[in-house]
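Below are the chains, spelled out letter by letter.
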Amino acid sequence: MSAPDGRNHASTKPLVLPAEPLADPGKELPLVFAAPRRGKPAKHWIDLSTEERVQAVRDLGLPAFRAQQISKHFFERFETDPTTWSDLPKAAREQVAERFFPELVTPMSEQRCDGDTTVKTLWRLHDGSLVESVLMRYGVKRGLPDDQQSHVRSTLCISSQAGCGMACPFCATGQGGLQRNMSTGEIVAQVMKAEQVLSSGELPGGAGQVNNIVFMGMGEPLANYKAVMGAVRAISDPTPDGLGMSKRGITVSTVGLVPRIEQLTAEGLPITLAISLHAPDDELRDELVPINTRYKVDEVLDAAWDYAKTTKRRVSIEYIMIKDINDQPERAALLAKRLKARGDWGWVHVNLIPLNPTPGSKWTASRKSDEQAFVKTLENWGIPVTVRDTRGQEIDGACGQLAATLK
């Protein structure tokens with residue numbers, strides 16, 4: 001296949017492989033699919049279906065309509081303390097609080113940068129596990145009063161596992177290993193906390209709400225499939241049964257668990273699928289993304305293509321740019337060739353991510369000249385491409401930096 005300029009870029013040079021292994025063999029981690037079994041968190045109102053909520057209040061001796069009343073407080077007003085809800089019978093408030101509203105995530109520390117528009121929070125779970133989320137505001141105009149701000153939007157990057165079992169050597173989370181899966185309640189609790197912060201107006205840009213959710217924090221979302229799907233529904237179900245966010249504002253990322261991508265396709269949810277590809281050839285991807293030893297590049301892209309066809313949602317290809325490792329124009333051409341071979345109707349978008357530094361890493365981000373050459377090669381092939389803004393790097397809150405450690 002030739003590029004629009006008539007040249008076959010993919011055949012100009014052979015692909016370069018690293019001269020030495022990317023990971024230290026003495027520190028190389030195994031892939032972990034089954035999360036360690038640890039004590040489950042208490043069941044939260046979030047974890048119950050609408051029908052289960054009705055039955056739950058009946059079990060407390062309350063009429064069925066109280067279920068919707070409780071949900072309105074929680075999902076519409078972001079209120080989490082039933083003992084203050086004056087429209088509930090006083091005798092029932094403590095019962096509701098104790099039974100359905102345990103504190104699932106406790107803030108341990110908070111770091112801010114980018115003029116306080118990027119906020120990373122370290123959360124402690126009930127068993128001592130630590131996870132992080134990152135809240136980012138866009139469109140804030142410096143020096144303009146909050147009541148005159150417009151077009152301000154907020155994106156929240158959330159975790160779905162404590163740690164990660166996918167063992168990618170360039171990712172701080174992956175190198176920490178997997179501690180456990182998070183529950184639906186624990187996942188959505190991160191969103192609720194962000195909604196409370198935004199609605200209070202304490203961040204620059206004035207009062208607002210979460211507009212986009214990206215499952216790109218700690219963990220491999222599709223390895224915790226049931227809880228993540230429960231969270232997607234709790235986030236997107238119409239109020240008062242859920243937060244009422246548009247499904248089109250939700251992105252679920254994966255390193256390429258093909259059976260789970262196929263399962264997600266069958267759900268028929270119009271959410272965005274993001275594939276963490278990072279290399280277009282199996283030889284390099286085997287080292288950068290160890291899941292590739294199970295599911296090769298063609299299998300992953302076939303599953304992504306089927307997802308796009310079924311949902312009519314454009315797939316995002318995430319690609320970390322690592323100096324002299326995966327940033328050659330030849331690899332850009334091979335990536336473009338493989339994407340174009342599956343369809344030419346704009347089914348995909350490539351999102352280039354400059355490598356963010358992590359402790360002990362021997363790699364750095366690509367040179368700007370190499371990054372620009374990579375972009376130009378993709379554009380010559382007609383592939384939509386952008387370079388991600390590396391928000392939160394100075395607080396270790398950017399892509400690949402989340403390690404959830406107490407400092």
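Residues numbered from 1 in each chain as written. Predicted model: local features only at pLDDT ≥ 70, side-chain atom pairs only at ≥ 80, totals over all residues. Heavy atoms only, no water.

Applying the stated criterion to the full structure yields seven aromatic pairs. Plain terms: the ring middles of Trp45 and Phe100 are 5.2 Å apart, the flat faces sit at 65° to each other, and that makes the pair edge-to-face. Note that Trp45 is positioned in the segment before α1 (50-59) and Phe100 in helix α3 (residues 90-100), a separation of 55 residues in sequence. In this structure Trp45 comes out as buried when scored by relative accessible area, which is 0%. On the basis of relative accessibility, which here comes to 6%, the residue Phe100 falls in the buried class. Both rings, one in Phe74 and one in Phe75, keep their centres 4.9 Å apart while their planes meet at 80°; by these two values the pair is edge-to-face. The exposure class assigned to Phe75 is buried, which follows from its relative accessible area of 1%. An aromatic cluster is built from Trp45, Phe74, Phe75, Trp85, Phe100 and Phe101, whose rings are joined through pairwise contacts. Above the face of the Tyr225 ring, Arg260 is positioned so that its terminal group lies 5.8 Å from the ring centre. (Phe/Tyr/Trp six-rings, centres within 6.5 Å; stacked < 30°, edge-to-face > 60°. Helix = DSSP H or I, 4+ residues; strand = E, 2+ residues; numbered from the N terminus. Buried < 20%, exposed > 50% of the residue type's maximum accessible area, 1.4 Å probe, protein only. Lys NZ or Arg CZ within 6 Å of the ring centre and 35° of its normal.)

Glancing now at the side chain of Thr272. Assignment of secondary structure puts Thr272 in strand β9 (residues 272-276). Among the polar contacts listed, one links the side chain of Thr272 to the side chain of Arg313, at a separation of 2.9 Å. The contacts of Thr272, once residues within four sequence positions are left out, are Arg248, Ile250, Thr251, Val252, Tyr307, Arg313 and Arg314. (Polar contact = N/O pair within 3.5 Å; in protein donor to acceptor, adjacent residues only side chain to side chain. Contact = heavy atoms within 4.5 Å.)

A cluster of like positive charges, contributed by Arg37, Lys40, Lys43 and Lys226, occupies part of the molecular surface. Structurally, the position occupied by Lys43 is in the segment before α1. Judged by relative accessible area, Lys43 falls into the exposed class, the value being 56%. (Patch = residues over 30% accessible without salt bridge, like charges linked within 9 Å, V, L, I, M, F, W, Y side chains within 5 Å. Areas by Shrake-Rupley, 256 points an atom, 1.4 Å probe, with all protein chains shown as cover. Salt bridge = Lys/Arg side-chain N within 4 Å of Asp/Glu carboxyl O. Lys, Arg positive; Asp, Glu negative; His and termini not counted. Charge placed at Lys NZ, Arg CZ, Asp CG, Glu CD.)

In this section: the environment of Val289. Following the sequence through the fold, Val289 ends up in the loop between α8 (282-288) and α9 (297-311). Between the alpha carbons of Val289 and Pro169 there is a distance of 7.7 Å; along the sequence they are 120 residues apart. For Val289, the contacting residues outside a window of four places in its chain are Cys168, Val255, Ser276, Leu277 and His278.

Counting buried positions along β9 yields five of five residues, so the element is predominantly enclosed. The alternating pattern of β9 places Thr272, Ala274 and Ser276 and Leu273 and Ile275 on opposite faces, both of which are buried. Both strand β8 (residues 250-254) and β9 contribute to a ladder of four bridges, which runs parallel. Bridge assignment links Thr251 to a residue of β9, and that residue is Thr272. Regarding the hand of the β-α-β motif, the stretch spanning β8, helix α7 (residues 258-267) and β9 is right-handed. Here three bridges tie β9 to strand β10 (residues 315-321), and the two strands are oriented parallel to one another. Looking at the pairing, Ser276 lines up with Glu318 of β10. (Pairing = 2+ DSSP bridges. Right-handed = clockwise from strand over helix to strand, strands pointing away.)

This paragraph deals with unusual backbone geometry. Here the residue pair Thr239 and Pro240 is connected by a cis peptide bond, since its omega of 5° sits within 30 degrees of zero. Checked against the element boundaries, Pro240 lands in the loop between α6 (225-236) and β8. Not every positive phi belongs to a glycine, and Asp114 is a case in point at roughly 55°. Tracing the sequence through the fold places Asp114 in the loop between β1 (106-113) and β2 (118-124). You can call Asp114 partly exposed: its relative accessible area is 22%. Look at Asp324: it is not a glycine, yet its phi comes out positive at around 65°. Looking at where Asp324 falls in the secondary structure, it is placed in the loop between β10 and α10 (329-340).

What follows deals with the pattern of salt bridges. In total, this model carries 18 salt bridges according to the counting rule given. The partner of Glu103 in a salt bridge is Lys193, and the shortest N-O contact between them spans 2.8 Å. A residue pair is termed long-range when its members are at least 10 positions apart, and Glu103 in the loop between α3 and β1 and Lys193 in helix α5 (residues 184-200) qualify at 90 residues. Between Glu318 and Arg388 there is a salt bridge, with the nearest N and O atoms lying 2.4 Å from each other. Here Glu318 is found in strand β10, whereas its partner Arg388 is found in the segment after β12 (385-387), with 70 residues between them in sequence.

Before going further, it helps to examine the sheet that holds strand β7 (residues 212-215). Spatial strand order, β1-β2-β3-β4-β7-β8-β9-β10-β11-β12: 10 strands in an open sheet with mixed pairing. Both edges of this open sheet fall to β1 and β12, since each of them pairs with a single strand only. This sheet shows a mean twist of 20° between the axes of neighbouring strands, independent of strand direction. Its contacts with the sheet put α6 on β7 and β8, and the angle it makes with β7 is roughly 175°. (Axes fitted to C-alpha atoms, helices over the stretch in contact; angles between N-to-C directions.)

Bear in mind that shape data such as this cannot, by itself, settle questions of function.
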